[in-house]
Amino acid sequence: MTLKEQLGVDKVKPSERGWIQTPRNLLYLCLVLFFLHSTCMLYRYGELPSAPVIGDEVTINDPAIALSRGQGLTAPSFGGSAFGMDYLYAHFPPVYIWVGSLAFRALGVSVYSLRLTTTVMGILACAIFLLIVWYLCQWKLADPVTAGFAACLYTLNASVIALHRIARMDSMVELFALTSLFFALAGIFCRFGSSIHSGANLPKEDWRKRFALLIAGAIFGGLCMATHPEGLTAILPVFLLILFVAPVRRGWKAMLLMLVAIIPIVIWMLAYGSRWKQAIIQMRAILRDITPQPGIARYARDILGKSQLNIGQGMRAALFFLCLLVLGLLLERWVILRRSDGRMEHFKELDRTRLLLVKIFALAALLSLFLLIWFISASISRYEVMYPIYLLGLVMALRGVSLDKAGRRAALALSTALVLAQIVAIAVYFAEEGEPPARFDSIVAMIPSGSRIAVTPKMWLAFVQNGRPVTLLYLGYDGRNMWSKASPNPLQGFDVIVIDESFVDERREYSPFAQAGRTEQDFHVGSDVVHVYVPAK
């Protein structure tokens, strides 16, 4: 096959020709990118961002710590929770929590063990992404130059790096989704001696190998869904690949899709046993009362409505719009190919499999947008897990794009500008002043042992890693309603109250109650102001 046939272009510069025709160049690029990404993931990962990040780093990892201590799947710090999380935890599916509990059991509780799981998963997700990039070029499904730029846009994406350094399950969702995609593509396009278009006529040994790979893809797709329901948008392309392209009969396709659906159910039943209905009720209640509402337009309005964007908000906004750009380009590419198919005679020679891949990813993009507009919360984690999957789809969709000289220059300039912008963003992110994990230890030490302590979430890790049980003051999740029934002052049952000023709502709601019968002591710790209310003498 000639270079022109592979790329679909008439003219390639000598320098480009040499780069494209040398597979080692792409391999070297992937190795360099993996090293850079891993370095960024490990650099000061206990300091940036300061731990715990508001919200999920607490709600996800409190049950993981309890599980590591033999207390079962509960969240003890959410005493009196309106959802009963201190007796049974079902806010999120248990896969990430199980893995996180192993890190806590092996290494104890610290900011490093808190983020170890997500950091390792993020690095592995990068490795799988680069592996897929390499194989796409080997399978002639992608152009090396386009694949190289896509590899840069994922591995050097400052938003991805920053979000992967937070102790959430999103990097695990990405890892499982990418692994599922890899096995699905391998089961379809690996060269075992026969074409995938042979269908039912595949040699028996060839069929077995392909089916084994497709089963692996289905298993990892199920694990993706069992880690977080948001994984649905990430594995939609895998569903469609199995449905429309997998070289197996319809009955086997149905079995593979059922396997993806059954695995989350089995894991849920194993985790909760006879209490599985109670767990579902809790998850649905939190989804209804706490989870942000769906709507891409609403999410974009909230981002643009910020009067002052900090670094974290800016990175979230960048990833949000970049992901929408990828989805939009996939849809545009499909429209262009469809129009060309209808009116250009030479287009009939286009490889039908490549055309089908573009259709699959475009359809998955449409379905994902539909879900995000009407059903699924439009938080940044949804776009985080979608981004690498659909970026790979765009790489396949752009194979063979023929541009004139001006178009090639414009595409090269835009891609280079995006990569450089991400590198600058990484530099800005790591230039932030870090906060040492032990910054609140002196406050913990001053509180007498045996005290009944209530704290805002930012103080949670400092107390828990020092073996001091606490109850969280976290509006929406805490037990204020129950406490208010026992006393007009919901904080009457606590000896010491610790409120971090960065939790504006909790500070406003709870400070008047904390002051009653207590003396206030204020501490300035880095950029934090901490108010400690101790019993009056």
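The rules behind these values
- Residues numbered from 1 in each chain as written.
- Predicted model: local features only at pLDDT ≥ 70, side-chain atom pairs only at ≥ 80, totals over all residues.
- Heavy atoms only, no water.
- Helix = DSSP H or I, 4+ residues; strand = E, 2+ residues; numbered from the N terminus.
- Buried < 20%, exposed > 50% of the residue type's maximum accessible area, 1.4 Å probe, protein only.
- Contact = heavy atoms within 4.5 Å.
- Core = buried A, V, L, I, M, F, W, Y, C linked by side-chain atoms within 4.5 Å.
- Pairing = 2+ DSSP bridges.
- Salt bridge = Lys/Arg side-chain N within 4 Å of Asp/Glu carboxyl O.
- pLDDT = per-residue confidence, 0-100.
- Expected span 1.5 Å × (residues − 1).
- Bend = angle between axes of the 7 residues up to and from the residue.

### Some words on the environment of arginine 115
Right, so step 1: When you line up the elements, arginine 115 lands in helix α6 (residues 111–138).
Right, so step 2: Look at arginine 115 and you get buried, because its relative accessible area is 0%.
Right, so step 3: Each C-alpha atom of the pair arginine 115 and tyrosine 45 lies 7.8 Å from the other, and the pair is 70 residues apart in sequence.
Right, so step 4: Beyond its immediate chain neighbours, meaning those up to four positions away, arginine 115 contacts Tyr45, Gly46, Leu48, Pro49, Ser50, Ala51, Val53, Glu57, Arg165, Ile166 and Ala167.

### Quick notes on the nonpolar core
Right, so step 1: Residues Tyr387, Tyr390 and Val498 are the most contacted members of the largest nonpolar core, which totals 166 residues.
Right, so step 2: It is helix α9 (residues 170–189) that contributes the most residues to this core, 14 residues altogether.
Right, so step 3: In this view, tyrosine 390 contacts Thr233, Leu236, Pro237, Val326, Leu327, Leu330, Phe361, Ala364, Ala365 and Ser368; residues no more than four positions away in its chain are not counted.
Right, so step 4: Among the nonpolar cores identified, the runner-up in size contains ten residues, and Leu491, Phe494, Ile499 and Tyr533 belong to it.

### Observations concerning the pairing of strand β4 (residues 518–525)
Right, so step 1: Bridging between β4 and strand β5 (residues 528–535) involves eight bridges; their strand directions are antiparallel. In the strand pairing of β5, glutamine 521 is matched with valine 532.
Right, so step 2: Hairpin remark: β4 followed by β5, antiparallel, with two residues in the connecting loop; positive phi at glycine 526, about 60°.

### Comments concerning the pattern of salt bridges
Right, so step 1: Overall, the coordinates contain 14 salt bridges when judged by the stated rule.
Right, so step 2: Where aspartate 56 meets arginine 168, a salt bridge forms, and the shortest distance between an N and an O atom there is 2.0 Å. Note that aspartate 56 is positioned in helix α4 (residues 56–68) and arginine 168 in the loop between α8 (158–164) and α9, a separation of 112 residues in sequence.
Right, so step 3: Exposure remark for aspartate 56: the relative accessible area of 23% places this residue in the partly exposed category.
Right, so step 4: According to the relative accessible area criterion, arginine 168 is buried, its value standing at 12%.
Right, so step 5: With a shortest N-O distance of 3.1 Å, aspartate 289 and arginine 288 are connected by a salt bridge.
Right, so step 6: Among the residues examined, arginine 288 registers a relative accessible area of 56% and is labelled exposed.
Right, so step 7: One salt-bridge network, in which partners are shared between bridges, spans Arg480, Asp505, Arg508 and Glu509.

### Some details on the sheet that holds strand β2 (residues 471–472)
Right, so step 1: Taken together, five strands build an open sheet; the order of strands is β2-β1-β3-β5-β4 and the sheet is mixed. Unpaired on one side and paired on the other, β2 and β4 mark the two borders of the sheet.

### Re the confidence of the model for the protein chain
Right, so step 1: Of the residues in the protein chain, 91% have a pLDDT of 70 or more, and the chain-wide mean is 89.
Right, so step 2: Note on residues 1–10: pLDDT is under 50 here. Beyond four places in sequence and across chains, it has 23 contacts.
Right, so step 3: Across residues 344–350, confidence stays below pLDDT 50; counting only partners more than four residues off in sequence or on other chains, it has six contacts.

### Observations concerning α6
Right, so step 1: For α6, built from 28 residues, the straight-helix expectation of 40 Å at 1.5 Å per residue is met to within 8% by its first-to-last C-alpha distance of 41 Å.
Right, so step 2: Along α6, the helix axis deviates most sharply at threonine 117, where the bend reaches about 35°.
Right, so step 3: In the stretch just after α6, lysine 140 is the one whose phi turns positive, near 60°.

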